[in-house]
Every structure is written in structure tokens, then in C-alpha cells.
Amino acid sequence: MFILRRWWDRHGVAIVLGGLTLSAAWLVRQTQGAALFEAYQLMTRPFQLSPTPEERLTNARVLELQQQLVELESQNQKLKELLDYAKTQKQQGIVSPVIGRSADHWWQQVTLGRGSGHGIKVGFIVMGSGGLVGRVVSVTPNSSRVLLISDATSHVGAVVSRSRSMGFLRGQGSNRAVLQFFDKVPDVRRGDVVSTSPVSKLFPPGLPLGRVESVNLDKSPAPEAVIELTAPVSYLEWVVVYPE
């Protein structure tokens, strides 16, 4: 017993210190040093200098410029996509920004930053990067108002490209529209492409409208299909305007 006590007096402190060191090392590893970092921040916080008003203004300006750069890059990408789309069209259109859109009439109409001074007239066709967007209904020298095909009052003659089954497309105040067929038993199925009809009085034939999402042949008084519009009607920023 005396020998064991002498051994503990000599080596006990070293054992305890070694155990504490190992425990601390394990804790640092498990917490990725978070506890030590928090302790360091707490101890040094009184000595950290707060940013001056000038530094805060500079930091705010840098953040503002970074946000503007991100927005400009996004705008440039959308405009590039639209210009690439316009190059595939037979006619040369007028590229125009969307400068006005009311939250109360989001799906009904938009205002363009081009007008009669740029050659736009009432009745001109408005296209987005995915297809038909709407029709110009009023014009000023520097702006024009477009009735969107998503508006509930908008009726567009439409045809199923595969089967040539015809009807008219009416807006639903969303990126979905309803195609009501003239035939009692139309040849239509999910995934069919829908375009403007050759007998449409307001739009030239063959303009892309959307794809069939679902079909209801039992709908009264005529069969109907829900069409997902291919043009980005919900977030228009740039469009191309064409003559009738």
C-alpha cells in the first residue's frame, strides 16, 4: 500500500494531465474547434474595432454593385435567348422591353417600351422566346399595350399540329389555357403540340402556343384540353413584335 501511494504521488498528476489533454483533443476534433473558436471570439471581442461609417458605406456599395452585376448578367442571358429565337423567324421583328405590368392585371396585359415611333401598330403580334404572347391593342409614340393570351377575354384560333383538330384557346389567368374543340370527338392526346390555326383572324397560322397537358372529352358543351403555354407569360421581360 505504501509503495502504491508513493507511485501515485510521483505519477498521478501526469496521468490526470494526460487524460485531460486527450479529452480536450477529442472534443476539438468532434466539434471541429467550434468551442475554442467561440471562446476566442468572446475573449477578443472587446478588442475588435467596429467598422467606421465610411467602411459601412463602402461595403454597402460593393454589395449593391455585386447585385447589379448579377441582374445584368441575367438580363443579358434572357435577351440573348430572345435574339436567338428572333433569328429563326422569317420576318424581322422589333425587340422591346416590358416596362410595365400591374399586379392586379398580371395575366391580362403588359406595357412595352416601344411604340408607333418605332414602327409598332395596333394588331401587331407579340412573341416570347417560346411562342405567342399576345397582340398589341393600343399604341403611343413610345409605348404600346399588349393583351396577353393568358387573359380570360383572349380567344385564339388553335389547331393540334399532329391531327389538325381545331378549336379556340381561351386564357385562364395563368400559364395554363383551355382549348375548346369544334369537333365532338377530336383527335387529341397528352403531349400534342398546339399552334395558331390557319383560320384564325387575329394571328397568322403556325405560331407555337403550347402542349396538351390533359384532355376531357366528356366536357359539355364541347370537349376540352388544358394547354400548358410554352411562352414565358408569367415572367416576360423582353419580347419581339411582328406585323400582322
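It should be noted that the structure appears before, not after, this text.
Heads up: these notes are all about the structure in this document. (Residues numbered from 1 in each chain as written. Predicted model: local features only at pLDDT ≥ 70, side-chain atom pairs only at ≥ 80, totals over all residues. Heavy atoms only, no water.)

Focus: the nonpolar core
Now for step 1: In this structure, Leu 132, Leu 169, Leu 179, Leu 209 and Val 241 are the most contacted members of the largest nonpolar core, which totals 37 residues.
Now for step 2: Counting residues per element, this core draws most heavily on strand E12 (residues 238-242), at four residues.
Now for step 3: Excluding residues within four positions of it along the chain, Leu 169 makes contact with Ser 154, His 155, Val 156, Ala 158, Ala 177, Val 178, Leu 179, Leu 209, Ile 227 and Leu 229. (Core = buried A, V, L, I, M, F, W, Y, C linked by side-chain atoms within 4.5 Å. Buried < 20%, exposed > 50% of the residue type's maximum accessible area, 1.4 Å probe, protein only. Helix = DSSP H or I, 4+ residues; strand = E, 2+ residues; numbered from the N terminus. Contact = heavy atoms within 4.5 Å.)

Side note on the pairing of strand E3 (residues 125-128)
Put simply, side chains in a regular strand alternate between the two faces of the sheet.
Now for step 1: The side-chain alternation of E3 yields two buried faces, one formed by Ile 125 and Met 127 and the other by Val 126 and Gly 128.
Now for step 2: When E3 meets strand E4 (residues 131-139), the two strands line up antiparallel, connected through four bridges. The residue of E4 that forms the bridge with Met 127 is Leu 132.
Now for step 3: Counting the residues between successive antiparallel strands, the hairpin from E3 to E4 contains two residues.
Now for step 4: Of the pairings in the sheet, the one linking E3 to E12 comprises three bridges and is antiparallel in character. Bridge pairing in E12 places Ile 125 opposite Tyr 242. (Pairing = 2+ DSSP bridges.)

Here's the deal with the sheet that holds strand E1 (residues 94-100)
Now for step 1: Spatially, E1-E2-E5-E4-E3-E12 is the arrangement adopted by the six strands of the closed barrel, whose pairing is antiparallel. Between one strand and the next, the sheet's axes are offset by a mean angle of 45°, whatever the strand orientation.
Now for step 2: Note: E1 against E12, four bridges, orientation antiparallel. Its bridge partner lying in E12, Pro 97 is registered against Trp 238. (Axes fitted to C-alpha atoms, helices over the stretch in contact; angles between N-to-C directions.)

Overview of the pattern of salt bridges
Now for step 1: By the definition in use, this model includes four salt bridges.
Now for step 2: Residue Arg 162 pairs with Asp 187 through a salt bridge whose shortest N-O separation is 3.0 Å. Highlighted residues: Arg 162 in the loop between strand E6 (155-160) and strand E7 (166-171) and Asp 187 in the loop between strand E8 (176-181) and strand E9 (193-196), separated in sequence by 25 residues.
Now for step 3: Judged by its relative accessible area of 36%, Arg 162 is partly exposed. (Salt bridge = Lys/Arg side-chain N within 4 Å of Asp/Glu carboxyl O.)

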